[in-house]
Amino acid sequence: MMDTVFSVQFLGSLLQSTLRVTTPLLLVALGELYGERAGMINIGLDGIMTFGATVGFIVGYITVNPLMGLVAGSLAGVLINMIYAYSTISLRSGQIINGMALNILAPALSVFMFRQYFGVTTKLIQGTVLASVYIPVLSDIPILGPLLFRQNPITYLAFVLAILTAIFFNKTKPGLDYRAVGEFPRAAETLGIHVTKMKYIATGMCGLLAGLGGAYLSTCYMGTYSEGVVAGRGFIALSAVIFGGWRVRGLVLATLLFGFTDAVQLRFQTILPVIPYQILAMLPYLATIGALFLMHNSGLAPKANGLPYSREDH
Amino acid sequence: MKVVSKRVLAVLVIVALSLTIIGCAGAEEGADSGEKTYKIAMVANASIADGGWNSACYDGMIGAAELNGWETSYSENVEQTDYVATFTEYGNLGYDLVFAPGNEFSDAVKEAAASYPDTNFIVLNGEVVEENVESIMADNTMIGFLAGTLAGLKTQTNEVALIGGMEITPAMQSIDGFEQGVAYVNPDANVSVAFTNSWSDAAKGKEAALSLIDTKDCDVFFGISSAGDAGMREALADYDDRWTIAQPSDLLDQFPDITLTSIMNDNAQLIGNSMKAVMNGEFGNKVFLGGLTENVLAIGEFGESANDVKDEYMEIVEGIRDGSITFDYNV
């Protein structure tokens, strides 16, 4: 068993698997970060992902082009999140209840659309898949090669986006303005920042990335779509934002930790069959709870997170 | 006071309206009692289009209804807390047969069946039997044994794998049969089992398959994890020396290169059998176990990749059918 665990091939494939599992979580968590930095808590990520996965799959299937699917999935995410945006920003109703509404509405709408188009099928429909990048010589380097040079394009996109997001929030003036909206919207408003507009942009970004994360599942990770394919990933992403302390670096580590423990538990199921799989399947969640417990992140949350805003209020 | 009386009025109107509707339904049934149309309903706790278990069950019901001239209906995504209410509803509506596709419905069926003696219930993979309840099941151990013998014959690495969804009784029966089947034809081969811990997470099935290839170099895969099986097949499609045995319907046309064959589970036969019993008035108080001889299980088309083992395998299948090859029911 020890030979297996420490072989180069084992380690390489473990890390590969980690990145595959992490990619959708990271994209969606970044989306939620854009939301919460402007004070918009959206627990409807799972619903938006489902909608993105469905629209992405259908469009990818029709156009036979997974890229079109990804674009459509992202836009569908923006579109459905505008329901949440209008009721929470313009009508100032509760964010949690609206997020919950998305989680109920979006999967139902997805099922409806999918069955309208494909009918009730017993076999899963096979669509197109966005192939992984393969850079000849470089990707043959042990461990590092496949890890750095043999990934899905969207995986690269997710990590590049994470870096850009970190720069945006910490090093640029628009980024600081954006954060001000989540910390103290009234002060931001007096400085000439259009809070309402900013909040709409924030929910747009959240929808875009959550939709993209969903579409990744049905056009990159897999070429098939099954109802329930999102399987709670939206909630994992949501917790990754808290666990990551509303910082990009923390969020990357949080999603990587989840991806890694998930990849590890699947391998342990086969090399250590004596351990009941139920215990191993808990591992990613236990790790997340454990890390949350150790981090004491509550003080890092944007101060006006989750609060409705109105110019007239005093 | 005024508000309250308005509310009372509203409630009364609603009650009156619903009574009218129920009355109409009753009247309709009375009118065409000359030629009774039998009705069956399926209650699913997930989507009926999940591409796996519930799809196969739904299809089976539709197929059986077409053969026997029944009307169908279904409720899907029913939460556990609503099981009894949903069964009761179909009892109220006067359905002749209610189809519960899984052992998890047993308790709810028992409860609802007691109040509606004129409605019959079938529980797939169940154990409950009553005056108006039958349990029906495909022989899961035989399914596993059929898959196991083919996997054992085909494997080049002597490592075969089974991917399950969750550790439920039918799955454990299949695993038990699978292990016996592998051992029957190839005592040197080793069986690895992984669970996706979900019935809907297709991506998890893909990761599970890749992890079985990395850790054990498994080359023949049998999937019983519903949506996860689709992910497993996608993972295997990237290789040219890994194969799968499909279930519960013939999936050769979807992945012709990697599919050896399919173990087909004909739910239409299973459900049709119960429909006939209802029509003949012989329904109730038994468990029906369907295998090869009952035509509930069948072997599908063979893929090109199975050419080297096909003949030997069909001999084993015939052996199981005529009883010369036997296996144990340990679970």
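Predicted model only: the values in this text are computed from it and were never measured. (Residues numbered from 1 in each chain as written. Chains lettered and ligands numbered in written order. Predicted model: local features only at pLDDT ≥ 70, side-chain atom pairs only at ≥ 80, totals over all residues.)

A.B. asks: I would appreciate a short explanation of the overall build of chain B in the present structure.
C.D. replies: Counting its regular elements, chain B contains 10 helices and 12 strands. Reported as C-alpha extents along the three principal axes, the dimensions of chain B are approximately 80 × 45 × 35 Å. Out of the 331 residues belonging to chain B, those deemed buried represent 54%. The contacts of chain B with a sequence gap of at least 6 include a subset with a gap of at least 24, amounting to 69%. (Helix = DSSP H or I, 4+ residues; strand = E, 2+ residues; numbered from the N terminus. Buried ≥ 20, exposed ≤ 12 C-beta atoms within 10 Å, placed from the backbone. Contact = placed C-beta atoms within 7 Å.)

A.B. asks: Can you help me understand the overall build of chain A in this one?
C.D. replies: Along chain A, the regular secondary structure elements total 13 helices and zero strands. Computed over the C-alpha atoms, the radius of gyration of chain A is 20 Å, within 12% of the 20 Å expected from 2.2 N^0.38 for a compact globule of 314 residues. Based on the C-alpha atoms only, the size of chain A along its principal axes is roughly 65 × 50 × 40 Å. Taking all 314 residues of chain A together, the buried fraction comes to 51%. Pairs at least 24 residues apart make up 78% of the contacts formed inside chain A by residues separated by at least 6 positions. (Rg over C-alpha atoms; globule rule 2.2 N^0.38 Å.)

A.B. asks: Would you mind going over the domain arrangement of chain B with me for this structure?
C.D. replies: Accessible area lost during the coming together of the parts is what is often quoted as the interface size. All names here are of chain B. Each assigned domain of chain B is listed here: domain 1 (36-138 + 268-290) and domain 2 (140-264 + 301-322). Taking only C-alpha atoms, the centre of domain 1 and the centre of domain 2 are 29 Å apart. At the interface, 10 residues of domain 1 touch 12 residues of domain 2. Looking at the side of domain 1 that touches domain 2, the elements with two or more residues in it are α2 (53-68) and β5 (133-138). (Domains from an automatic or database assignment.)

A.B. asks: Is there a simple way to explain helix α13 (residues 277-295) of chain A in this structure?
C.D. replies: What sets the pattern is the α-helix's 3.6 residues per turn: residues three or four places apart point alike. With 19 residues, α13 of chain A should reach 27 Å at 1.5 Å per residue; the first-to-last C-alpha distance of 28 Å fits that figure. The sharpest bend along α13 of chain A comes to roughly 40°, located at L283 of chain A, with the proline P284 of chain A sitting one to four residues further on. When we look at burial in α13 of chain A, the residues that qualify are Y277, L280, A281, P284 and T288 of chain A. Packing partners of the buried residues in α13 of chain A comprise α11 (233-243) and α12 (248-271) of chain A together with β7 (190-195) of chain B. (Expected span 1.5 Å × (residues − 1). Bend = angle between axes of the 7 residues up to and from the residue.)

A.B. asks: What is the right way to read the confidence of the model for chain B from this model?
C.D. replies: Interpretation of the predicted coordinates at a detailed level should be avoided for regions scoring low in pLDDT. Residues and elements named next belong to chain B. For chain B, per-residue confidence averages 89 on the pLDDT scale, and 92% of positions sit at 70 or higher. Mean pLDDT across the elements of chain B ranges from a minimum in helix α1 (residues 2-31), with 61, to a maximum in strand β6 (residues 159-164), with 97. Interface scoring of the predicted complex returns ipTM 0.87; its pTM is 0.85. (pLDDT = per-residue confidence, 0-100.)

A.B. asks: Honestly, the interface of chain B and chain A in this entry has me stumped. Any pointers?
C.D. replies: In this assembly, 34 residues from chain B lie in contact with 33 residues from chain A. Contributions of two or more residues to the side of chain B that touches chain A are made by α2, β7, α7 (202-216) and α8 (227-237) of chain B. With 11 residues, α7 of chain B is the single largest residue contributor to the side of chain B that touches chain A. Among the residues making up the side of chain B that touches chain A, the classes are represented as 14 nonpolar, 12 polar and eight charged. (Nonpolar A, V, L, I, M, F, W, Y, C, P; charged D, E, K, R; others polar.)

A.B. asks: Please clarify how the sheet that holds strand β8 (residues 220-224) of chain B should be interpreted in this entry.
C.D. replies: In a beta sheet, neighbouring strands are held together by backbone hydrogen bonds and run either parallel or antiparallel to one another. Residue and element names in this part refer to chain B. Read from one edge of the open sheet, six strands run β7-β6-β8-β9-β10-β12, paired in mixed fashion. Edge positions in the open sheet fall to β7 and β12 (297-299), since each of these has one partner strand only. Adjacent strand axes in the sheet meet at a mean angle of 20° when their direction is disregarded. Packed onto the sheet, helix α6 (residues 169-185) meets β6, β7 and β8 and runs at close to 170° relative to β6. (Pairing = 2+ DSSP bridges. Axes fitted to C-alpha atoms, helices over the stretch in contact; angles between N-to-C directions.)

A.B. asks: Could you clarify how one ought to interpret the sheet that holds strand β2 (residues 71-75) of chain B in this entry?
C.D. replies: Residues and elements named next belong to chain B. Reading across the sheet, the six strands line up as β2-β1-β3-β4-β5-β11 and stay open at both edges, with parallel pairing between neighbours. Single-partner strands in this sheet number two, and they are β2 and β11 (287-290). Shown here is a sheet whose adjacent strand axes are inclined to one another by a mean of 20°, direction ignored. Pairing geometry for β5 and β11, over four bridges, is parallel.

A.B. asks: Just checking my understanding: could you explain the environment of I141 of chain A for this structure?
C.D. replies: Mapped onto the elements of the fold, I141 of chain A is located in the loop between α5 (95-118) and α6 (144-149). For the pair formed by I141 of chain A and A53 of chain A, sequence separation is 88 residues and the distance between their alpha carbons is 34 Å.

A.B. asks: In this structure, what is going on with the packing of helix α2 (residues 8-36) of chain A against α12 of chain A? I would like to understand it.
C.D. replies: For any two helices packed against each other, the geometry is given by the interaxial angle and the distance between the axes. All names here are of chain A. Where α2 contacts α12, the axes come no closer than 8 Å and their chain directions differ by 145°. For the element pair α2 and α12, the recorded crossing hand is right-handed. Of the residues in α12, those touching α2 at L14, S17, T18, L19, V21, T22, L25, L26, A29, L30 and L33 are V248, L251, V252, T255, L256, F258, G259, F260, D262, A263, V264 and R267. (Left-handed = near helix turned anticlockwise from the far one by under 90°.)

A.B. asks: I keep staring at the packing of α2 of chain A against α7 of chain B and nothing clicks. Help me out?
C.D. replies: Taken N-terminus to C-terminus, the directions of α2 of chain A and α7 of chain B make an angle of 170°; their axes are 10 Å apart at the nearest point. Considering the angle they form, α2 of chain A stands roughly antiparallel to α7 of chain B. Note on element contacts: α7 of chain B touches α2 of chain A through E207, L210, S211 and D214 of chain B, opposite Q9, F10, S13, S17 and V21 of chain A. Here the contact of α2 of chain A with α7 of chain B is composed, by residue class, of three nonpolar, four polar and two charged. (Parallel < 35°, antiparallel > 145°, perpendicular 65-115°, else oblique.)

A.B. asks: Got a minute to help me understand the pairing of strand β9 (residues 243-246) of chain B in this structure?
C.D. replies: Residues in a regular strand point their side chains to alternate faces of the sheet. All names here are of chain B. Across the two faces of β9 the burial is the same, with W243 and I245 and T244 and A246 all buried. Bridge analysis of β8 against β9 gives three bridges, and the strand direction is parallel. Its bridge partner being in β9, V220 is matched across the sheet by W243. With α8 bridging β8 and its parallel neighbour β9, the resulting β-α-β unit is right-handed. (Right-handed = clockwise from strand over helix to strand, strands pointing away.)

A.B. asks: Just to check I follow, could you spell out α12 of chain A for this structure?
C.D. replies: An ideal rise of 1.5 Å per residue puts 34 Å on 24 residues; α12 of chain A measures up with 34 Å between its terminal C-alpha atoms. Extensive coverage of α12 of chain A is indicated by the burial of 19 of its 24 residues.

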